Amino acid sequence: MSPLEFILAGTLAAATPLLLAALGELVVERSGVLNLGVEGMMALGAAVAFIVSYHTGGHALAFVAGALAGMGAALIFAVPVLMFRANQVAAGLALGILAGGLSALFGRPYESLTVRAIPKIEIPLLSDLPILGGMLTQDGVVWASLAMAALMAWAFRSTRLGWRIRAVGENPAAAHAIGTPVLAIRAACIAFGGALAGLGGAYAATVYTPLWADGMIAGRGWIAVALVVFGTWQTGRVAMGAILFGALSIGELVVQATGIAIPSQALAALPYLATIVVLALISSNRARMRLNSVASLGEPFGR
Amino acid sequence: MQFDLIRRDRASISMALLAPLLALLATGLVSWAIFAAIGTPAGLALWTMAASPFTNWYDFSEVLLKMAPLLLIAQGLAIGFRARVFNIGAEGQLILGAIFASALPVWFPGATSPLLWPAMMVAGMAGGAFWAGIAAFWRTRLNANEILVTLMLSLIAVQVLNWLLLGPWKDPAGFNFPQTAMFQAQALLPGLLPGTRVNIALLFASVASVAAYILMQRGVAGYRLVVTGTAPRAAGYAGFSAARGVWLSLLISGAAAGLAGAAEVAGPLGQLQRSVSQGYGFAAIIVAYLGGLHPLGIVVSSLVMSALYIGGDNAAVFADLPQAAVRVVQGLLLTFYLIAATLVRYRIVRARVAPA
């Protein structure tokens, strides 16, 4: 397999945990809440999904368990942030440390064990295409995640729920004044974001690399946080960014294997570097900043 | 049950002192339940974690050793947090400080000057301030959110460290371990307490605490700094520049974290390693909040937090508690504290039923 084919074939699967977690964080941030605990929620989702998969062999059950674990962790964050108006940055970091620690605690008896991954779906004709065939042969979760991205883009653009979430994020006081339940919507978004982060972790631990090791999320949660900014809070751009960063992580492997004279660390740092550049580009122009970011992000809301 | 938070006329001092205790109590209870659930002797584990660091001199000296970087970083961060400049990238600034400091013994392994370690400390502060300064530039010139920039810079710093340790700075005689050669004696900090590993980094942290106290609780400069963050318009009318507040907050916290990194490589480690930080940059955020962002409170909270690390190590040995338990306790502690701290500024009242 040529390096190009290898990258094309691996990109979507590598992007899926990033995509799921970033879509979740996108919804949370669109509602005006910054949750920096994504790394921890992913790790907890991964650990719980792995344990369930290991004992039952059922992947559907494992994914449900991973999502519930992520959601439960997110609710730990929702209590201080929504009910007690606590600093979101501090509460998010606390959640990240707590959930990461819990994942290691629960996962300890399972260290280095493996489970069976789910099979990739062969699409007649398309999977046999030269070069592109590998890219089109993916497991169902990959396609479901992409469908989720499309669904979310549509929801933000065209549904009442999407508009209410955006209103709550842009101007919670105004949204409250017209009767939108600000805190309830934020709580739902935080729970949804946690569920998606948990799913992303579940995919990483039971499908992408079907084994458990402490620290296996390896910074994917931070990349997801970066992705939301990189994609300037637009669903389509976030999804494209996830695929791009997925390709980069496969590229890292190719670079290591072929000994090209780029340090693999440079590629690993690229998502973060790109995010800093994007931040400079969107923030330096105040009009563009207002257009592209969420106005009340990080601000607590109280009646 | 519905309830409302009503802002108090003035912050409750008794609640401010009670909040960390309430958080500790709740953390203890929930930790006990979690430890019991995973099948460890929970009572023994908790007791070992909480008490063992204070029962013998050696363990307590290790607590003091850990306390130095946490105290140093947290004092710096708290200054920024009070000015509403959220530097959450102390982890990266610590790593850059460690790298800058290590450059001297790595490049001049034959240097025997007694000024070597002081030069390393200065280099470390410069490294941390440089890394934080990037975020200050991004915030003041490009209007970019410092929370995200400092976070991204931290993640980049980890990659820079990995690259150095796997590439140009790797000890050729080190069996391929990602670490530099051990530094020469002149690159190491003098000890502070004979017979222990405690070094003068604890002195740096103490001086920083006194300086933070004078700056934030006594001086005009600290007051101005807080005003630029909490009431930027008022500060503008009074002629204090918000940009200056951002620069000052980030440079101080970055230099403090950089110094902590330099003191780690010149102290207990004696070389630059991948695990130079062990999460001190994030733990210091917990320390800063737990101490109520007050210089004296932070002294106490850094002691509690370092004891937690040593107690956790002991509980791993004596109660078979996984190392990760320390992270669980840290996370719970900050979460509960954030809840309890709200009661310092707010009263809880039952919500009246809103008219339909």
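Residues numbered from 1 in each chain as written. Chains lettered and ligands numbered in written order. Predicted model: local features only at pLDDT ≥ 70, side-chain atom pairs only at ≥ 80, totals over all residues. Heavy atoms only, no water.

**Notes on the overall build of chain A**
Inclusion rule: Every helix listed is a DSSP run of H or I at least four residues long, and every strand listed is a run of E at least two residues long, numbered separately from the N terminus. Relative accessibility decides the category of a residue: with a 1.4 Å probe and only protein chains considered, values under 20% of the type maximum give buried, values over 50% give exposed, and everything between is partly exposed. Whether two residues are in contact is decided by their heavy atoms, any of which lying within 4.5 Å being enough. For the accessible areas, the method is Shrake-Rupley and the probe is 1.4 Å, while residue cover comes only from the protein chains on display. Charge counting treats Lys and Arg as positive and Asp and Glu as negative, with His and both chain ends excluded. Think of each charge as sitting on NZ of Lys, CZ of Arg, CG of Asp or CD of Glu.
Across its full length, chain A holds 13 helices and zero strands. In chain A, the succession of α and β elements from N to C terminus is α-α-α-α-α-α-α-α-α-α-α-α-α. Over its C-alpha atoms, taken along the principal directions, chain A stretches across nearly 60 × 45 × 40 Å. Looking at chain A as a whole, 56% of its 303 residues are labelled buried. Sequence-distant contacts in chain A: of pairs separated by 6 or more residues, those separated by 24 or more amount to 75%. For chain A, the accessible area works out to roughly 11800 Å², and carbon and sulfur atoms hold 70% of it. Of the charged side chains in chain A, 16 are positive and 12 negative; the average position of the first set lies 16 Å away from that of the second.

**Focus on the interface of chain B and chain A**
Which entries qualify depends on this criterion: A 1.4 Å probe defines the accessible area here, and the buried area is the portion of it lost by two parts on being joined, summed over both. By definition, a salt bridge exists where a carboxyl oxygen of Asp or Glu is found within 4 Å of a side-chain nitrogen of Lys or Arg.
Facing 44 residues of chain B, the contacting portion of chain A comprises 43 residues. When chain B packs against chain A, close to 4000 Å² is buried across both sides, 77% of that on carbon and sulfur atoms. At the surface where chain B touches chain A, the tally comes to two salt bridges. Between B:R327 and A:D214 there is a salt bridge, and its shortest N-O distance comes to 3.5 Å.

**Remarks on unusual backbone geometry**
The phi dihedral of A:R85 is positive, around 55°, even though this residue is not glycine. Relative to the elements of secondary structure, A:R85 occurs in the loop between α3 (59–83) and α4 (88–107). For B:R84, which is not a glycine, the phi torsion comes out positive at approximately 55°. Within the element layout of this structure, B:R84 appears in the loop between α3 (57–82) and α4 (90–107). Judged by relative accessible area, which is 45%, B:R84 ranks as partly exposed.

**Considering the environment of A:N35**
Residues and elements named next belong to chain A. Let me state the cut-off plainly: Definition of a polar contact: a pair of N or O atoms within 3.5 Å, with one able to donate and the other able to accept a hydrogen when the atoms are protein atoms, and with sequence-neighbouring residues admitted only if both atoms are side-chain atoms.
Along the chain, the position of N35 falls in the loop between α1 (3–30) and α2 (38–56). Since its relative accessible area comes to 1%, N35 is described here as buried. For N35 and E25, which are 10 residues apart along the polypeptide, the C-alpha to C-alpha distance reads 7.2 Å. There is a polar contact of 2.8 Å between the side chain of N35 and the backbone nitrogen of G37.

**Brief notes about the pattern of salt bridges**
Residue and element names in this part refer to chain B. Counted under the stated rule, the structure contains four salt bridges over all chains. One salt bridge in this structure joins R139 and E146, with 2.9 Å as the shortest N-O distance. For E146, a relative accessible area of 5% puts it in the buried group.

**Looking at α3(B)**
All names here are of chain B. The line we're drawing: In this analysis, the expected span of each helix is defined as 1.5 Å times one less than the number of residues it contains. Values of bend correspond, residue by residue, to the angle between axes fitted over the seven residues ending at that residue and the seven starting there.
Here α3 contains 26 residues, and its C-alpha end-to-end distance of 36 Å stays within 8% of the 38 Å for a straight helix at 1.5 Å per residue. In the structure, α3 departs most strongly from a straight axis at M67, where the bend amounts to approximately 35° and where the proline P69 lies between one and four residues downstream. A large share of α3 lies buried, amounting to 22 of its 26 residues. Among the residues of α3, the N-terminal cap falls to N56, whose side-chain oxygen and the backbone nitrogen of Y58 are separated by 3.2 Å. Trailing α3 by a residue or two, R84 shows a phi angle of about 55°, which is positive.

**Quick look at the packing of aromatic side chains**
How we decide: Two aromatic rings, drawn from Phe, Tyr or Trp (for Trp, its six-membered ring), form a pair once their centres lie within 6.5 Å of each other, and the interplanar angle then sorts them: stacked below 30 degrees, edge-to-face above 60, tilted otherwise. Charge-over-ring contacts are defined here by two conditions on Lys NZ or Arg CZ: a distance within 6 Å of the ring centre and an angle within 35 degrees of the ring normal.
Under the definition given, this model contains 13 aromatic pairs over all chains. Geometrically, the ring pair formed by B:F81 and B:Y289 is stacked, given 5.2 Å between the ring centres and 25° between the ring planes. A residue pair is termed long-range when its members are at least 10 positions apart, and B:F81 in helix α3 and B:Y289 in helix α11 (residues 280–290) qualify at 208 residues. For the residue pair B:F81 and B:Y289, the accessibility class agrees, reading buried in each case. Measuring from ring centre to ring centre gives 5.9 Å for B:F130 and B:W131, while their planes differ by 55°; the resulting arrangement is tilted. Residue classification places B:F130 among the partly exposed residues on the basis of a relative accessible area of 44%. Residue classification places B:W131 among the buried positions, given a relative accessible area of 10%. Among the aromatic residues, those joined into a cluster by ring pairs are A:F50, A:Y54 and A:Y110. One cation-aromatic arrangement involves A:R30 over A:F156; the distance from NZ or CZ to the ring centre is 4.9 Å. One residue, A:R166, lies across the ring of A:W163, its end atom 4.5 Å from the ring centre.

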